[in-house]
Amino acid sequence: MPPPADIVKVAIECPGAFPKLMEIDQKKPLSAVIKEVCDGWTLTNHECFALQHADSSNFYITEKNRNEIKNGAILRLATSPAQNAQQLHERIQSSSMDAKLEALKDLASYSRDITFAQEFINLDGISLLTQMVESGTERYQKLQKIMKPCFGDMLSFTLTAFVELMDHGIVSWDTFSVAFIKKIASFVNKAAIDLSILQRSLAILESMVLNSHDLYQKVAHEITIGQLIPHLQGGALEGGSLTVQAPGPPLHPDCAPHLPRVGFSPLPVPQHVIRAQRAINNEMAHQLYVLQVLTFNLLEDRMMTKMDPQDQAQRDIIFELRRIAFDAECEPSNSSGSMEKRKSMYTRDYKKLGFINHVNPAMDFTQTPPGMLALDNMLYFAKHHQDAYIRIVLENSSREDKHECPFGRSSIELTKMLCEILKVGELPSETCNDFHPMFFTHDRSFEEFFCICIQLLNKTWKEMRATSEDFNKVMQVVKEQIMRALTTKPSSLDQFKSKLQNLSYTEILKIRQSERMNQEDFQSRPILELKEKIQPEILELIKQQRLNRLVEGTCFRKLNSRRRQDKFWYCRLSPNHKVLHYGDLEESPQGEVPHDSLQDKLPVADIKAVVTGKDCPHMKEKGALKQNKEVLELAFSILYDSNCQLNFIAPDKHEYCIWTDGLNALLGKDMLSELTRNDLDTLLSMEIKLRLLDLENIQIPDAPPPIPKEPSNYDFVYDCN
């Protein structure tokens, strides 16, 4: 008899028969198990049957996956994969439109199972589907015109089945012809097409370019970004692929004609898609991320292009920057003396512009990255934000040399930093969906992004009162400001600018201090030992505060059976913590109630226990449990003598915590309320921060220093005699 671990108890269904409970011996061949199941229903030809999971997946059970069957699983006796594939192969070629549609629906469903897929592919099923797609387009268009939408469904299910079969990786994508690619691309290029057909067509094209470089080139000649724009603007792609990803170059050159009107920014994705970020699913977010990465990768060419100091057109850009900043329209005459004056004037102006090389600023742009991209950004800023540009240049040129923020050097380093942040030149990840909505809201988003950040850099420089030696420190702070603002996912560039306004240098210092106190230093061994040492002192402080509050006393409400809460009573602890004084009141007091006005007393030594909530006697009385949950959470009782109790209903949660903590402290028990935990965390954190003030910027070791060896003698010890 096989061990229990090899026996799986399952329920097996069979069409037209009652289900049966059976035990499957996992050591037996699967064919023998299927034969036993068939014999139970007196079915012959057991080789024509197979077992499936009865859930929505309908996946076949094979020798490879049979170990996944669990006790209590529901299985189904079904047609074998080979026979099922043969039947569907014949059915999808039926002359009846309805029968063909039903067969394609079944094929799309069964194709998710790799066992069935292998059998169907062995029948040359992929070729049959491609022929149906290639030959069925004209027929589809004709039938659409005569109101036959079922043919659109047929094409949709055909493409779905094709995608599912190819996803198993059994057939190479390189086997498909240009005619098939053109046919699939034609569905995408149509202005009006069923959404399901459009999405599946894009999925096929995406798989082609991801799995084959040769196919990428062919697809790129058929599909350009310009052809995707109508679908994007119509919002038709919110649930599917947006772009064609490429393993090689970021975007095909065919895209270039469409770029001048959108600059280097991502495509004009419908703004209702961007605004409704919560409604964007993972697939949509991933495609927006891919679109963002591929579009910013268009900057890579300029980023990696060095400036040619001999190129007059490139040098003219630097002259334009100087002209805009200093309005240098009048130049000295071209005499030998004037030539020297001109060189001297140029050198002076280039120094004011903040270039490193004052004589030949073109040399500043020979480093890649950022190459010519930095100069492009500077020119854009000077032309489109001229007032801000002139203000920054003149403001810094009027400062001392030591305190000026060099615009040229800052722009070059900032451009390099922004390229690192946006990962310009890197291929998109297959799993990432981290996109920034603000980059989809402006035609020149990268340049505008630079303009905001260069003004931030100048502002931070002034806040830090930086000098030229602090340049790298300023850049680190600016990077942190940008990164923290980006993590909030601003929906527009204006919102991004507002986020930066709230991230001044002072605020960054506060955030750093707070994070430093809550990070690894507080988990190091010395800090944990310090916490352990300080904690008893803090708990004693909290205990004294609780007892002092009990000495002040509290007014409680009385709760009667009619739920009227118009009567009050007062309770307070004596200053020596020996007795509880309490008594009834006619109305709520305005201040403390004196001890002598409270008639009843309860010695603390007589208290047996303190109970809360449902354990309170007055909450167990008839009708008391019908009180609302708030009353139940505020109830506590003092048990004393044999059957006596003093029942409380605190006015609020804070007073409840104060009294239960105080009473537990009187009894020598732990204070367990949420208020005590919060107070302990707060006071402990404050005390540790105070004690560590003298150790700021000093590395605290994880382990204590080693104890030195004992000296050979103790002659150095002072002898009092």
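Small disclaimer: the values here were computed from a predicted structure and weren't measured. (Residues numbered from 1 in each chain as written. Predicted model: local features only at pLDDT ≥ 70, side-chain atom pairs only at ≥ 80, totals over all residues. Heavy atoms only, no water.)

Some details on the nonpolar core
Going by this rule: What we call a nonpolar core is a set of buried Ala, Val, Leu, Ile, Met, Phe, Trp, Tyr and Cys residues that are connected through their side-chain atoms within 4.5 Å. With a 1.4 Å probe rolled over the protein chains alone, any residue whose accessible area is under 20% of its type maximum counts as buried; one over 50% counts as exposed, and the rest are partly exposed. Working definition: helices are DSSP H or I runs of at least four residues, strands are E runs of at least two. Numbering for both runs from the N terminus. By definition, residues are in contact when any of their heavy atoms lie within 4.5 Å.
If you look at the biggest cluster of nonpolar residues, it comprises 67 residues, and the most contacted ones within it are Y389, L414, F449, I482 and F496. When residues in this core are grouped by element, the largest group, 11 residues, is from helix 19 (residues 445–464). Those residues in contact with F449 that sit more than four places away from it in its chain are L418, L422, M438, F439, I482, L486 and F496. Formed by 48 residues, the second largest nonpolar core is a distinct cluster that contains I92, A108, F120 and F187.

A word on the packing of aromatic side chains
Spelled out, the test is: Side-chain rings of Phe, Tyr and Trp, where Trp is taken by its six-membered ring, are said to pair if the distance between their centres is within 6.5 Å; with planes under 30 degrees apart they count as stacked, over 60 as edge-to-face, and otherwise as tilted. Here, a charge over a ring is recorded when the distance from Lys NZ or Arg CZ to the ring centre is within 6 Å and its angle to the ring normal is within 35 degrees.
Here the structure, examined in full by the defined rule, presents 29 aromatic pairs. Ring centres of F162 and F180 lie 5.2 Å apart, and the angle between their planes is 50°; this geometry places the pair in the tilted category. With F162 in helix 6 (residues 150–166) and F180 in helix 7 (residues 178–189), the pair connects residues that are 18 residues apart, well separated along the chain. Given a relative accessible area of 2%, F162 falls into the buried group. Arranged with centres 5.0 Å apart and planes meeting at 90°, the rings of F296 and F439 form a pair that is edge-to-face. Pair noted here: F296 is in helix 12 (residues 282–296) and F439 is in the loop between helix 18 (407–421) and helix 19, with a separation of 143 residues, a long-range link. By relative accessible area, F439 is classed as buried at 0%. Members of the aromatic cluster, each reached through a chain of ring pairs, are F556, W569, Y582, F636, F648, Y656 and W659. Its guanidinium or amino end placed over the ring of W41, K20 lies 5.1 Å from that ring's centre, counting from NZ or CZ. The positively charged end of R409 is found above the aromatic ring belonging to F471, 3.8 Å away from the centroid.

Some words on the pairing of strand 10 (residues 635–640)
Threshold: We treat two strands as partners when DSSP finds at least two bridges between them.
Taken across its 6 residues, strand 10 has 5 buried, putting it largely inside the fold. Looking at chain direction, strand 9 (residues 607–612) and strand 10 are connected through 5 bridges and run antiparallel. In the sheet register, T612 faces strand 10, and the bridge partner there is F636. Hairpin remark: strand 10 followed by strand 11 (residues 644–649), antiparallel, with 3 residues in the connecting loop; positive phi at D641, about 50°.

Some details on the sheet that holds strand 8 (residues 600–603)
Selection criterion: For helices, the fitted line uses only the C-alpha atoms of the stretch in contact; every axis is such a line through C-alpha atoms, and the angle between N-to-C directions lies from 0 to 180 degrees.
With antiparallel pairing, the 4 strands of this open sheet are ordered in space as 5-6-7-8. Edge positions in the open sheet fall to strand 5 (554–557) and strand 8, since each of these has one partner strand only. Direction aside, the axes of adjacent strands within the sheet are offset by 25° on average. The sheet contact formed by strand 6 (residues 568–573) and strand 7 (residues 579–585) spans 6 bridges and is antiparallel. Considered in strand 7, the bridge of C571 is made with Y582. Taken strand by strand, helix 23 (residues 525–552) contacts strand 5 and strand 6, and its axis lies near 135° from that of strand 6.

Some thoughts on helix 27 (residues 674–691)
How we decide: Expected span of a helix: the number of residues minus one, times 1.5 Å.
Between its first and last C-alpha, helix 27 extends 26 Å over 18 residues, near the 26 Å set by a 1.5 Å rise per residue. Every buried residue of helix 27 is listed here: L675, T676, L680, L684, S685 and I688. Residues of helix 27 that are buried sit in contact with helix 23 and helix 26 (653–666).

So, the confidence of the model for the protein
Under the convention used in this document: Confidence scores per residue from the predictor, reported as pLDDT, run from 0 to 100.
A residue-level look at the protein finds 82% of positions with pLDDT of 70 or above and a mean pLDDT of 82. The model gives residues 238–268 a pLDDT under 50, and that stretch makes 94 contacts with residues more than four places away or in other chains.

A look at the side chain of S445
Our working rule: In the analysis that follows, any N or O atom pair within 3.5 Å is treated as a polar contact, provided that within protein one partner can donate a hydrogen and the other can accept it, and provided that, for residues neighboring in sequence, both atoms belong to side chains.
Checked against the element boundaries, S445 lands in helix 19. A polar contact is formed between the side chain of S445 and the backbone oxygen of F439, at a distance of 3.5 Å.

Brief notes about the environment of P369
When you line up the elements, P369 lands in the loop between helix 15 (336–352) and helix 16 (372–384). A residue is classified by how much of its surface remains accessible, and P369, at 28% relative accessible area, is partly exposed. A sequence separation of 67 residues divides P369 from R302, and the C-alpha atoms of the two residues are 8.9 Å apart. With sequence-adjacent residues up to four places away left out, P369 is seen in contact with M303, M304 and K416.

Things to note about the packing of helix 7 against helix 8 (residues 195–211)
Applied cut-off: To sort the angles, those under 35 degrees are grouped as roughly parallel, those over 145 as roughly antiparallel, those from 65 to 115 as roughly perpendicular, and the leftovers as oblique. Each crossing is labelled by how the near helix is turned from the far one, with a counterclockwise turn of less than a right angle marking it left-handed and a clockwise turn marking it right-handed. Nonpolar residues are Ala, Val, Leu, Ile, Met, Phe, Trp, Tyr, Cys and Pro. Charged residues are Asp, Glu, Lys and Arg, and all others, Gly as well, are polar.
Taken N-terminus to C-terminus, the directions of helix 7 and helix 8 make an angle of 135°; their axes are 8 Å apart at the nearest point. On the basis of their axis angle, the class for helix 7 and helix 8 is oblique. The crossing of helix 7 and helix 8 is left-handed. Residue-level contacts link F180, I181, I184, A185, F187 and V188 of helix 7 to I197, L198, S201, L202, I204, L205 and M208 of helix 8. Tallied by class, residues from the contact of helix 7 with helix 8 come to 12 nonpolar, 1 polar and no charged.

Re the sheet that holds strand 11
Across the sheet, which stays open at both edges, the 3 strands sit in the order 9-10-11 with antiparallel pairing between neighbours. Each of the sheet's edge strands pairs with one partner strand only, and the pair in question is strand 9 and strand 11. Neighbour to neighbour, the strand axes of the sheet diverge by 20° on average, direction disregarded. Bridging between strand 10 and strand 11 involves 6 bridges; their strand directions are antiparallel. Paired with S637 across the strands is N647, a residue of strand 11. Against the sheet, helix 26 engages strand 9, strand 10 and strand 11, with an angle of about 25° to strand 10.

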